[in-house]
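One-letter residues, chain by chain:
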Amino acid sequence: MESIGVLMTCPMSTYLEQELSKRFNLLKFWNFPQKDIFFKENALSIRAIVGNAAVGADSQLIDSLPSLEIVSSYCNIPYSVGLDKIDLGYCKEKGIRVTNTPDVLTDDVADLAIGLILTTLRGISACDRFVRAGFWKAKGDFKLTTKFTGKTVGIIGLGRIGMAIAKRAEAFSCPITYYSRTEKPDLKYKYYPSVTELASNCDILVVACPLTAETRHVVNREVIDALGPKGLLINIGRGPHVDEAELVSALVEGRLGGAGLDVYENEPEVPEQLFGLDNVVILPHVGSGTVETRNAMADLVVGNLEAHFSKKPLLTPVV
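First, a word on what this report is: a plain description of the structure on this page.

The rules we used
- Along every chain, residues carry numbers that run from 1 in the direction the sequence is written.
- In keeping with the predicted nature of the model, local features appear solely for residues at pLDDT of at least 70, side-chain atom pairs appear and are counted solely at 80 or more, and the whole-chain, interface and lining totals rest on all residues.
- Only hydrogens and water are set aside when side-chain values are computed; all heavy atoms of the structure are taken into account.
- Two strands pair if DSSP finds at least two bridges between them.
- Secondary structure elements are taken from DSSP: a helix is a run of H or I of four residues or more, a strand is a run of E of two residues or more, and numbering for both begins at the N terminus.
- Any pair of residues with heavy atoms lying within 4.5 Å of one another is described as a contacting pair.
- Where helices are involved, their axes are fitted lines through C-alpha atoms of the stretch in contact, as for all axes, and angles between N-to-C directions lie from 0 to 180°.
- Here the nonpolar core consists of buried residues drawn from Ala, Val, Leu, Ile, Met, Phe, Trp, Tyr and Cys, with membership extended through side-chain atoms lying within 4.5 Å.
- Note on exposure labels: buried denotes an accessible area under 20% of the residue type's maximum, exposed denotes more than 50%, and partly exposed covers the range between, all computed with a 1.4 Å probe on protein chains only.
- Orientation categories follow fixed angle ranges, with anything under 35 degrees roughly parallel, anything over 145 roughly antiparallel, 65 to 115 roughly perpendicular, and all other angles oblique.
- Note on convention: near helix rotated counterclockwise from far helix by under a right angle means a left-handed crossing. Clockwise means right-handed.
- For this classification, Asp, Glu, Lys and Arg are treated as charged, while Ala, Val, Leu, Ile, Met, Phe, Trp, Tyr, Cys and Pro are nonpolar and the rest, including Gly, are polar.
- The handedness of a crossover follows from its direction of travel: if, with the strands pointing away from the viewer, the path from the first strand over the helix to the second runs clockwise, the crossover is right-handed.
- Only rings of Phe, Tyr and Trp enter the pairing, Trp through its six-membered ring, and a pair is recorded when the two centres are within 6.5 Å. The plane angle decides the type: under 30 degrees is stacked, over 60 is edge-to-face, the rest tilted.
- Two limits define a charge over a ring: the Lys NZ or Arg CZ must be within 6 Å of the ring centre, and within 35 degrees of the ring normal.
- In what follows, salt bridge is the name for a side-chain nitrogen of Lys or Arg lying within 4 Å of a carboxyl oxygen of Asp or Glu.

## Thoughts on the sheet that holds strand E9 (residues 204-207)
The strand order E8-E7-E6-E9-E10-E11-E12 describes an open sheet built from seven strands, whose pairing is parallel. The open sheet has two edge strands with one neighbour each: strand E8 (190-191) and strand E12 (280-282). Pairing of strand E10 (residues 232-235) with strand E11 (residues 258-261), which is carried by four bridges, proceeds in the parallel orientation. Across the sheet, the residue bridging to Leu-232 is Gly-258, located in E11. Across the face of the sheet, helix H5 (residues 106-121) comes into contact with E9, E10, E11 and E12 while running at roughly 145 degrees to E10. Lying on the sheet, helix H11 (residues 244-253) is in contact with E10, E11 and E12; it crosses E11 at an angle near 140 degrees.

## Section: the nonpolar core
With 30 residues, the main nonpolar core has Ile-117, Val-153, Ile-155, Ile-165, Ile-204, Val-206 and Ile-236 as its most contacted residues. Residue assignment for this core shows that the elements contributing at least two residues are H5, strand E6 (153-156), helix H8 (160-170), strand E7 (176-179), E9 and E10. With seven residues, the top contributor of residues to this core is H5. Grouped together as the second largest cluster of nonpolar side chains are 27 residues, Tyr-192, Ala-199, Leu-247 and Leu-251 included.

## Description of the sheet that holds strand E2 (residues 25-28)
Read from one edge of the open sheet, five strands run E2-E1-E3-E4-E5, paired in parallel fashion. In this open sheet, the two strands that pair with only one neighbour each are E2 and strand E5 (97-99). Each neighbouring strand pair of the sheet contributes to a mean axis angle of 20 degrees, computed without reference to strand direction. Sheet topology note: the strand E4 (residues 70-73)/E5 ladder contains three bridges and is parallel. Bridging from a neighbouring strand, Ser-72 pairs with Thr-99 of E5.

## Brief notes about the packing of helix H1 (residues 14-23) against helix H12 (residues 291-309)
Two numbers describe how H1 lies on H12: the axes approach to 9 Å, and their chain directions differ by 25 degrees. One way to sum up the angle between H1 and H12 is to call them roughly parallel. Considering the relative orientation of H1 and H12, their crossing is right-handed. Touching Tyr-15, Leu-16, Glu-19, Leu-20 and Arg-23 of H1 are Asn-295, Ala-298, Asp-299, Val-301, Val-302, Leu-305 and Glu-306, all from H12. Looking at side-chain class alone, the contact of H1 with H12 contains seven nonpolar, one polar and four charged residues.

## Thoughts on the pairing of E10
Here E10 shows no split at all, with Leu-232 and Ile-234 on one side and Leu-233 and Asn-235 on the other all buried. Here four bridges tie E9 to E10, and the two strands are oriented parallel to one another. Along E10, the bridge assignment pairs Val-206 with Ile-234. In this view, the connection linking E9 to its parallel neighbour E10 by way of helix H10 (residues 221-227) has right-handed handedness.

## Some remarks on the packing of aromatic side chains
In the structure shown here, the tally under the stated rule is nine aromatic pairs. A ring pair is formed by Phe-38 and Phe-39, whose centres lie 5.5 Å apart and whose planes are at 65 degrees; its orientation type is edge-to-face. The two residues Phe-38 and Phe-39 agree in class, both being buried. Through pairs of rings, three or more aromatic residues link up here, namely Phe-29, Phe-32, Phe-38 and Phe-39. Lying across the ring of Tyr-192, Lys-190 places its NZ or CZ 5.1 Å from the centre.

## Focus: unusual backbone geometry
Excluding glycine, a negative phi dihedral is what most residues carry, and trans is how most peptide bonds are arranged. Of note, the bond from Glu-267 into Pro-268 is cis; its omega dihedral lies within 30 degrees of zero at 5 degrees. As for its position among the elements, Pro-268 is in the loop between E11 and E12. Look at Ser-173: it is not a glycine, yet its phi comes out positive at around 60 degrees. Given the relative accessible area of 52%, Ser-173 is considered exposed. Of note, the phi angle at His-285 is positive, near 50 degrees, even though the residue is not glycine. Looking at where His-285 falls in the secondary structure, it is placed in the loop between E12 and H12. Taking relative accessible area as the criterion, His-285 reaches 15% and is therefore assigned buried.

## Some words on the pairing of E2
With four bridges connecting them, strand E1 (residues 5-8) and E2 associate as parallel partners. Along E2, the bridge assignment pairs Leu-7 with Leu-27. Between the parallel pair E1 and E2, the chain is carried across by H1, and the sense of this crossover is right-handed.

## Topic: the pattern of salt bridges
In total, this model carries 16 salt bridges according to the counting rule given. The shortest N-O distance in the salt bridge between Arg-221 and Asp-225 comes to 3.7 Å. One end of the pair, Arg-221, and the other, Asp-225, are both in helix H10, four residues apart, so they sit about a helical turn from each other. Residue Arg-221 is classed as partly exposed on the basis of its relative accessible area of 38%.

Put into structure tokens, the structure is as follows:
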């Protein structure tokens, strides 16, 4: 397979680059500023693309590669699993296969959701800053915080990650409620037919659904006000799930109790109004950011390419 050209669209993972280079003729797109010359010299040899949620495979790139057979997505974003930037319809039309990395990041993202809940409710980050600044010695004990055990957790979207969060929250004796497009009658969790009703009946609202036109700003002012000044919002989904301007104003005005955020509307831009709020925990989109998961994602990308070129069934086919 060493003669097979594989185009990596942007830097992703050193481990992935190493594993691809062992098996294929890896071409790193970002190292070729003169794209016209690059395509003239390499287009016919490239039979695979490895993309991600930042740079995938649009119709223009696909048309530039007449020998293209497969697009394999390496993605660190849950729910889309890297497909946002791939023209799936065009790939299907041209008979180009597409794979992604589902399931691999489920545990990490669910773990982080619980971590955000605990860190925000118990003020763990604020406590850390309190001690480092010398305030414990100078000012005495830190203020009282809020208990997690027994709080009602409402989850928007009960797919793989939503279910994993629910199971973890149950270990804290938390009643689980949820909203999804349709009720899941086989589950014991209480279903609410709207996000606003869900927010009105939970202490902690977790966003864990795919980003679609319908779920963009699914958490709006009405939902935030329903969650209320004692409620906590956790977003480990996608930034545009939440109306960020409304979230910021609610937190600044005290209409929302707190927030734990791993994603934002315009990453890596984060509203500076959040920086001084102790009831907000802000992370730099690290939901799947563990060595183990990123390497497993890379292995899946490589495994799909090997399966395709060995004429074996794909491990995680999309198209």
